[in-house]
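# Close look at the chain arrangement
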Amino acid sequence: MSERRQRAARQSMERLLRLQKVTSELSRALTPEQVASVIVQQAGPAMGACEACIYLLVVPGMLHLVQAMGMPEDALERWHWLPVTEPVPIAEAALTEKPVWVESLASFRHLYPALDDMPLNQNGAWAFLPLHVDRRLLGVLGVGFPLGHGFAAEDKDFACLISKHCAQALERALLYARERDLREAAERAQAESDEHRRLLELEHRRLQAVLQQLPQGVILAEAPSGRMVMANDLALRLGNWSVTPNWGLKEYATSSAFHPDGRPYLPSEWPLVRALSGEVVHGEVSEFPRKEGPPLTLEVSAGPVRDAEGRVTAAVAVLEDITERLRMERALREGESVFRRIMESNMMGLCFCDRDGLLLEANDAFLSLVGHEREEVRRGLLHWRMLLPPEERSFAGEPGEPWTRGASRPHELELLRGDGGRVPVLTGAAWVEEQDRVLTFVLDLSDLKRAEGALRFLSTASRALGQSLEVSDATLQDVAGLASLSVASWCVIDLCTPEGLLRRAAVAHREEAREERLRRGWPLPPLSDSGGPLLDAMHSGEPLLFQDFGVETWRYLASRTVPELEELSDEACSVLVVPLRSHERALGLVTLGSCSQRRRYGPEDISLGQELAHRVAAALERARLFTDSQRAVRLRDEFLAVASHELKTPLTPLRLQLQGLRRVVESAVSRPVDPERVLRASRICEAQVRKLSGLVNDLLDVSRLAQGRLPLRLERVDLVAITRDVLAQFSDEAVHAGCAVELWAGPPVVGEWDRVRLEQVVINLLTNALKYGAGRPIHVRVWSEGGMARLSVRDEGIGIAPEHRSRIFGKFERAVSERHYGGLGLGLHITQQIVQAFGGSILVESEPGQGSTFTVALPPGMHAMLAHPQV
């Protein structure tokens, strides 16, 4: 017995020592983790266990494995979290808060079949001890022993004692941890409070700075007094307020502002005052007068500030200066109105398209230019690429240019019309960012290109006309060909001839096959016709424009029926006829025809036709002047030859008579000279001197006429008497020429004329008749008729051909060769000039071989003075 007692005492001592050691270790553990580690590392072995684990009740109804010792990891993998309702011994101990004792492996498998798959590495016993303090469960301690055995009362008590100490240590650690957590939470809360206070102060300063820097004025007033507790500087400047510490509702009565309709604000109408009553004011427009400059327009919004119970504690008002915004909006509206007027005015083609080039909107000018309907735009059927010819579609390959550059540079291109034609345009585009689309403008360059083509044509035509001083039909054909290739489809040039006819000088057609038909079919009326639109235009100088030229117009112009009429009538849709004139003299006609629907002549094309006609007429006039100058040079040379001959003619007999007289005088020194012979010689010399004097006087008169000076000494003279005197003077010449001169004169014909010049007229006409009517009678008549004095001289000589009648009154002109008839060719020219100086006229009637009749008509009074101001 004593030995049993001793062994029991020894076991008790060992258990106390182990318990002391466990409690000592537990006392040093501060945290739940440290306590759990001591429990599994010390408490289990103290009870003789080889393995141990501890579960803590972290949330109600759920155990969590926090420490384990000696147990395989794979055995615990699925049991880290364990509900207290699970049919396992640890959950049972937690649920019942009573120890669970399992004495063998077989008993374990039998009691807990849910753990059959748990790999247990020994055939031992197990104890599961709840850890609770004051009936509050903290967790469960599980220990396993190496050998299966029954648990004695002392073993159970010792295990329960250790578990109690473990629970107390765990409670203490939990309390310490909670206290530490609370302390740390308090410290964190204090730190957060300090941080919040710092941030609040920072936010308050930031709010003050933001309020001061806001582009709107802000006012805060407390309710219900209306005392202004805060206002940024902008609000004070905008309202022109001087805020005092006692600012309240009554101060609003001293401020002035006006509604948009001009009514002044009442104190109760201010938005901030209304907000103090709970009203919310949105964007009310007010006008605030200023001492200088126009009033400010402010947009004011105000609203109440409520506490948690919904009571109004304050009111805030926001003021925004919208003066500039209203001005910009007004300018924007005006700009939009101007743009719309531009769009609707059709001054240029305008359209909007999207990024892909689909047309969204276009004005009438654009649609008319490209030949499409608005319905196509409305239905989304018109694309920018459809308007570009193939060679221009590289532009359409850069749709992003207006977005990347903001605008595309203006450039020229051709657009395809809906009818298949082309139109040259100047176009450019700009990206309208606000509307996310492209605005494109299009200017029709047809007139400009037409003008450029016209200038090039006129320049080329001028070079062709200026290549030679003479304008041949070949040159005019070149000009017509240029016209048919540039400014017209065909061109016809007709010129006047000296015989009074129109002749076809040039014909050109863009289609050579139609050129001959045009030559035969286009009307060519003779100048002798009494009228007609073509002749009227040529004589009046006014061009003819037929914008819609058809069959009826052809018949209207054509003076005869031509087989080509029906074939030509469908060629031209527009015809322009321009007269060729120079110094009020008709030279011919230039006719331009256009067969193109895109080029229909209008009033603006008349200037082109007139300019072409002017250049052709100038070239023709230049050629005529060149021809006249060449002819004048030839006439000068002929005149010099004739003048030298004519001047020598009277000198030769004069010299011969003088030489004969000298010989008579020298041979008759001793006897007297025959007076009859001397008298005859003196008469011959006198006649030759008179003839020579007449030639010299004619030359002097031509010189005076060229200088515009023909002196007239007017006196009252009788034309009948002057004519008789001249006939008497020329009686010998008439006899010598074999002409019988017959004078028919009635009563005197008196007028105010220059006697000498009037004698010169009679002498020149009589001399001309004696020269060209030699051997035949000459009839002279003087009479008065219709208030005019008239003189006619008719011979029966060679006559004058019709083509020479218009030029016999020119200087040095004659209708026959100077080899057969003498004279300088000045007599008729001087006669005409003298008669015109008297205000009269001279006419010639003649037929070849039938003689000529020259008739002079003179006014009897002061018409000479009025007609010849040099007198």
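The written sequence of each chain sets the order in which its residues are numbered from 1. For a predicted model such as this one, the threshold for reporting local features is a pLDDT of at least 70, and the threshold for listing and counting side-chain atom pairs is 80 or more; totals across whole chains, interfaces and linings nevertheless cover every residue. Only hydrogens and water are removed before side-chain values are computed, so all heavy atoms of the structure are retained for them.

### Regarding helix 23 (residues 755-772)
The first and last C-alpha atoms of helix 23 sit 26 Å apart over 18 residues, in line with the 26 Å expected at 1.5 Å per residue. Whether a residue is buried, partly exposed or exposed follows from its accessible area with a 1.4 Å probe, protein chains only, as a fraction of its type maximum: under 20%, in between, or over 50%, in that order. Put simply, DSSP H or I for four residues or longer makes a helix, DSSP E for two residues or longer makes a strand, and each gets a number counted from the N terminus. Among the residues of helix 23, Arg-757, Leu-758, Gln-760, Val-761, Val-762, Asn-764, Leu-765, Leu-766, Asn-768, Ala-769, Leu-770 and Tyr-772 are the ones counted as buried. Any pair of N or O atoms that falls within 3.5 Å is considered a polar contact. Within protein, one atom must be able to donate a hydrogen and the other to accept it, and sequence-neighbouring residues count only if both atoms are side-chain atoms. You can read the cap of helix 23 off the contacts: a side-chain oxygen lies 3.2 Å from the backbone nitrogen of Arg-757, and it is on Asp-754. Expected helix span is computed as 1.5 Å times (number of residues minus one).

### Quick notes on the packing of aromatic side chains
Centres within 6.5 Å are what make two rings of Phe, Tyr or Trp a pair, Trp counting through its six-membered ring; a difference in plane orientation under 30 degrees is then read as stacked, over 60 as edge-to-face, and the rest as tilted. As enumerated under the stated definition, the model contains three aromatic pairs in all. Judged by centre distance (5.6 Å) and plane angle (35°), the ring pair of Tyr-265 and Trp-270 falls under tilted. An aromatic cluster of at least three residues, connected via ring pairs, comprises Tyr-265, Trp-270 and Phe-288. The criterion is that NZ of a Lys, or CZ of an Arg, lies within 6 Å of the ring centre and within 35 degrees of the ring normal, and then a charge sits over that ring. Taking NZ or CZ as reference, Arg-781 lies 4.8 Å from the ring centre of Trp-744, over its face. Over the aromatic face of Trp-783 sits the side chain of Arg-781, whose NZ or CZ is 3.9 Å from the ring centroid.

### What to know about the packing of helix 23 against helix 24 (residues 827-837)
Comment: axis = line fitted to C-alpha atoms, over the contacting stretch for helices; angle = value between 0 and 180 degrees taken between N-to-C directions. Where helix 23 contacts helix 24, the axes come no closer than 9 Å and their chain directions differ by 145°. At the point where helix 23 passes helix 24, the crossing takes the left-handed sense. Residues Arg-757, Gln-760, Val-761, Asn-764, Leu-765 and Asn-768 of helix 23 lie in contact with helix 24, whose contacting residues are Gly-827, Leu-828, Ile-830, Thr-831, Ile-834 and Val-835. When the near helix sits turned anticlockwise from the far one by under a right angle, the crossing is termed left-handed; a clockwise turn instead gives a right-handed crossing. In this analysis, two residues are considered to be in contact whenever any of their non-hydrogen atoms come within 4.5 Å of each other.

### Here's the deal with the sheet that holds strand 8 (residues 228-231)
Two modes of strand pairing occur in sheets, parallel and antiparallel, and in both the strands are linked by backbone hydrogen bonds. The strand order across the open sheet formed by five strands is 8-7-11-10-9, and the pairing between neighbours is antiparallel. The two strands at the open ends of the sheet, each matched to only one other strand, are strand 8 and strand 9 (281-288). Across the sheet, the axes of successive neighbouring strands diverge by a mean angle of 25°, strand direction being ignored. Should DSSP find at least two bridges between two strands, the strands are regarded as paired. For strand 7 (residues 217-222) and strand 11 (residues 312-321), the ladder comprises six bridges, and the chain directions are antiparallel. Opposite Leu-220, over in strand 11, you have Val-316 as the bridge partner.

### Brief notes about the sheet that holds strand 21 (residues 585-594)
Pairing within the open sheet is antiparallel, and its five strands lie in the order 18-17-21-20-19. Two strands close off the open sheet at either side, each with one partner strand: strand 18 (502-509) and strand 19 (544-546). Along the sheet, successive strands turn relative to each other by an average axial angle of 15°, direction set aside. As paired strands, strand 19 and strand 20 (residues 574-582) are joined by three bridges and run antiparallel to one another. Bridge pairing in strand 20 places Leu-544 opposite Val-577. On the sheet, helix 14 (residues 473-486) packs against strand 17 (490-496), strand 18 and strand 21 and is oriented at approximately 40° with respect to strand 18.

### Regarding the side chain of Ser-286
Tracing the sequence through the fold places Ser-286 in strand 9. We classify Ser-286 as buried; its relative accessible area is 2%. Within the structure, the side chain of Ser-286 is placed 2.7 Å from the side chain of Tyr-265, a separation counted as a polar contact. Setting aside anything within four residues of it in sequence, one finds Ser-286 in contact with Phe-258, Tyr-265, Leu-296, Thr-297, Leu-298 and Val-300.

### Points about a nonpolar patch on the surface
A cluster of nonpolar side chains, namely Met-13, Leu-16 and Leu-17, defines an oily patch on the protein surface of about 310 Å² accessible area. If you trace the backbone, Met-13 turns up in helix 1 (residues 2-28). Like charges within 9 Å and nonpolar side chains (Val, Leu, Ile, Met, Phe, Trp, Tyr) within 5 Å are joined into patches, using only residues over 30% in relative accessible area that form no salt bridge. For every accessible area listed, the method is Shrake-Rupley and the probe measures 1.4 Å; residues are considered covered only by the protein chains on display. Think of a salt bridge as a Lys or Arg side-chain nitrogen and an Asp or Glu carboxyl oxygen that are within 4 Å of each other.

### Structural notes on the nonpolar core
Residue types Ala, Val, Leu, Ile, Met, Phe, Trp, Tyr and Cys, when buried and joined through side-chain atoms within 4.5 Å, form a set referred to as a nonpolar core. By size, the foremost hydrophobic cluster in this structure holds 40 residues, and its most contacted members are Trp-753, Leu-765 and Phe-854. Those elements that place two or more of their residues in this core are helix 21 (719-729), helix 22 (731-737), helix 23, strand 25 (778-785), strand 26 (788-795), helix 24, strand 27 (841-847) and strand 28 (851-858). In terms of residue count, helix 23 provides more of this core than any other element does, seven residues in total. Apart from the residues within four sequence positions on either side, Leu-765 is in contact with Leu-791, Val-793, Leu-828, Thr-831, Ile-842, Phe-854 and Val-856. Judged by nonpolar contacts, the second largest core, of 35 residues, contains Leu-26, Val-38, Val-143 and Phe-151.

### Concerning unusual backbone geometry
A cis amide bond links Ala-223 to the next residue, Pro-224, at an omega of 0°. Mapping Pro-224 onto the fold places it in the loop between strand 7 and strand 8. In the Ramachandran plot, Glu-97 falls in the positive-phi region, its phi being about 55° despite a non-glycine side chain. When you line up the elements, Glu-97 lands in the loop between helix 4 (89-96) and strand 4 (100-102). Residue Glu-97 is classed as partly exposed on the basis of its relative accessible area of 27%.

### Points about a positive patch on the surface
A positive count includes Lys and Arg, and a negative count includes Asp and Glu. His and the chain ends are not counted in either. By convention, the point assigned to a charge is CZ for Arg, NZ for Lys, CD for Glu and CG for Asp. Side chains of Arg-4, Arg-5, Arg-7 and Arg-10 sit close together on the surface and give a patch of like positive charge. Along the chain, the position of Arg-4 falls in helix 1.

### Let's talk about the pairing of strand 1 (residues 51-59)
Sheet topology places strand 1 next to strand 6 (residues 136-145); six bridges connect them, and they run antiparallel. Bridge assignment links Cys-53 to a residue of strand 6, and that residue is Gly-142. The sheet contact formed by strand 1 and strand 2 (residues 62-69) spans seven bridges and is antiparallel. Paired with Ile-54 across the strands is Gln-67, a residue of strand 2.

### Quick look at the confidence of the model for the protein
Residue-level confidence of the predictor is summarised by pLDDT, bounded by 0 at the bottom and 100 at the top. With 79% of its residues at a pLDDT of at least 70, the protein reaches an overall mean of 78. Predicted confidence for residues 395-400 stays below pLDDT 50, and this span has seven contacts to residues more than four positions away or in other chains. A low-confidence stretch, residues 863-871 (pLDDT under 50), is modelled with 16 contacts involving residues beyond four sequence positions or located in other chains.

### Here we look at the packing of helix 2 (residues 32-46) against helix 6 (residues 153-213)
The contact between helix 2 and helix 6 brings their axes to 9 Å, and the two run at 170°. In terms of orientation, helix 2 and helix 6 fall into the roughly antiparallel class. Contact with helix 2, carried on its side by Pro-32, Val-35, Ile-39, Ala-43 and Ala-46, involves Phe-158, Ile-162, Cys-166, Ala-169, Leu-170, Ala-173, Leu-174 and Ala-177 of helix 6 and no other residues of that element. Basically, the charged four are Asp, Glu, Lys and Arg, the nonpolar ten are Ala, Val, Leu, Ile, Met, Phe, Trp, Tyr, Cys and Pro, and anything else, Gly included, counts as polar. Looking at the contact of helix 2 with helix 6, its residues break down into 13 nonpolar, no polar and no charged. These descriptions rest on fixed angle ranges, namely under 35 degrees for roughly parallel, over 145 for roughly antiparallel, 65 to 115 for roughly perpendicular, and the rest for oblique.

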